[in-house]
Amino acid sequence: SSGDSLQPLESAISDEERFKDVAPLNVNCPSCNQQFPFGGIVASKRYQICYNGLQCSQCHHQFSPLQLSCQLERALRSHISMYYAGYLKCDDGTCGIITRQISVFGKRCLGEDCMGVMSYRYTDKQLYNQLLYFESLFDVDKNKKGLVKPLYRSEHPDAPDAALPASQIMALGEQNRELFQTMESVVHKYLKNCARRYVDMGTIFDFMIAD
Ligand SMILES: [Zn+2]
Ligand SMILES: [Zn+2]
């Protein structure tokens, strides 16, 4: 259907809309093992972006660039392998449950209290969107403009009480530009590999990706 094809005009829609069905980038603190969704330079009860990178709010561990890039790379690889494996994926972006197990309740998500629906195939478009979402999290200019998809719905128990002040986001964006660009380049590597692999997506990638 036309709803499944990527239109150039989609670049005009907001990240919140475009990425409404993506899975979060879940990160594990190597020190205290807290798992939390990373959403760029935004307010979070679980982590904070400092002048020199990502810090766990639970144990104050400061992630090395390698600790962050490895986790990003792992997430990228897991999504690409899901595309090949045909796993079931919950359509609720805040849940992100992925499984091969089929619920006795049909397509209902196995997540506790989740009202999401498991869908069978990870489509070209979903993978592409997922990679673009990960890319957007490390887009300094997008972060500075506050255009990154919000991490939580307002009613979510983990939703932060207040947003970061714009001036703080601007400063943190510049202070972390090098780190974020390194992370972006990790995503680009996979976007380019995908472009080579998926012939039917070639025109899209040629159009969207500028070297
Ligand atoms: Zn920690
Ligand atoms: Zn779910």
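Residues numbered from 1 in each chain as written. Chains lettered and ligands numbered in written order. Predicted model: local features only at pLDDT ≥ 70, side-chain atom pairs only at ≥ 80, totals over all residues. Heavy atoms only, no water.

Pairing is antiparallel in the open sheet, where three strands are placed in the order β6-β5-β7. Every interior strand has two partners, whereas the edge strands, β6 (98–99) and β7 (118–119), have only one. Across two bridges, strand β5 (residues 88–90) lies against β7 in antiparallel orientation. Bridging from a neighbouring strand, Lys89 pairs with Ser119 of β7. (Pairing = 2+ DSSP bridges. Helix = DSSP H or I, 4+ residues; strand = E, 2+ residues; numbered from the N terminus.)

Moving on, we get to the environment of Ile169. Residue position: Ile169 is located in helix α5 (residues 166–175). On the basis of relative accessible area, Ile169 is assigned to the buried category, the value being 12%. Each C-alpha atom, one on Ile169 and one on Gly146, is 8.1 Å from the other, the two residues being 23 residues apart in sequence. If sequence neighbours within four positions are ignored, Ile169 has contacts with Ile41, Asn143, Lys144 and Leu164. (Buried < 20%, exposed > 50% of the residue type's maximum accessible area, 1.4 Å probe, protein only. Contact = heavy atoms within 4.5 Å.)

Looking at the metal site, the zinc ion (ligand 1) is ligated by Cys29 (SG), Cys32 (SG), Cys56 (SG) and Cys59 (SG), spaced 2.3 Å from it. Each of the four donor atoms bound to the zinc ion (ligand 1) contributes to angles spanning 102 to 115°, and the resulting shape is tetrahedral. The sequence pattern formed by the donor residues of the zinc ion (ligand 1) is C-x2-C-x23-C-x2-C. When its relative accessible area of 0% is taken as the criterion, Cys56 is described as buried. The partly exposed category is assigned to Cys59, whose relative accessible area is 28%. (Donors = N, O, S within 2.8 Å, 3.2 Å for Na, K, Ca; no water. Tetrahedral: all angles 85-135°; square planar, octahedral: opposite > 155°, others 65-115°.)

Right, let's get into the confidence of the model for the protein. When pLDDT is averaged along the protein, the result is 84; 81% of the residues meet or exceed 70. Contacts of residues 199–211 to residues separated by more than four positions or lying in other chains number 15 contacts, the stretch itself having pLDDT below 50. (pLDDT = per-residue confidence, 0-100.)

Inspection of every chain in the model, using the stated rule, returns nine salt bridges. Between Arg177 and Asp141 there is a salt bridge; the shortest N-O distance is 3.2 Å. Of the two residues, Arg177 is situated in helix α6 (residues 177–197) and Asp141 in helix α4 (residues 140–144); the sequence distance between them amounts to 36 residues. Judged by its relative accessible area of 40%, Asp141 is partly exposed. With a shortest N-O distance of 2.5 Å, Lys144 and Glu174 are connected by a salt bridge. Separated by 30 residues along the polypeptide, Lys144 in helix α4 and Glu174 in helix α5 bring together distant segments of the chain. Classification of Lys144 as partly exposed rests on a relative accessible area of 21%. The exposure class assigned to Glu174 is partly exposed, which follows from its relative accessible area of 40%. (Salt bridge = Lys/Arg side-chain N within 4 Å of Asp/Glu carboxyl O.)

For the rest of this paragraph, the subject is the coordination of the zinc ion (ligand 2). Ligation of the zinc ion (ligand 2) by protein atoms is provided by Cys90 (SG), Cys95 (SG), Cys109 (SG) and Cys114 (SG), these donors lying 2.3 Å from the ion. Around the zinc ion (ligand 2), the four donor atoms sit at angles spanning 104 to 113°, and that spread fits a shape best called tetrahedral. Considered as a linear motif, the donors of the zinc ion (ligand 2) on their single chain read C-x4-C-x13-C-x4-C. Taken together, the positions of Cys90 in strand β5 and Cys114 in the loop between β6 and β7 put the pair 24 residues apart, joining distant regions of the chain.

The subject of this paragraph is the packing of helix α2 (residues 65–85) against helix α3 (residues 124–137). At a minimum axis separation of 10 Å, α2 and α3 run at an interaxial angle of 175°. Classified by the angle between their axes, α2 and α3 sit roughly antiparallel to one another. Facing Leu72, Ala75, Leu76, His79, Ile80 and Tyr83 of α2, the residues of α3 in contact are Asp124, Leu127, Gln130, Leu131 and Phe134. Class assignment of the residues belonging to the contact of α2 with α3 gives a composition of eight nonpolar, two polar and one charged. (Axes fitted to C-alpha atoms, helices over the stretch in contact; angles between N-to-C directions. Parallel < 35°, antiparallel > 145°, perpendicular 65-115°, else oblique. Nonpolar A, V, L, I, M, F, W, Y, C, P; charged D, E, K, R; others polar.)

A few words now on the pairing of strand β4 (residues 53–56). When strand β3 (residues 47–50) meets β4, the two strands line up antiparallel, connected through four bridges. Bridge pairing in β4 links Cys50 to Gly53.

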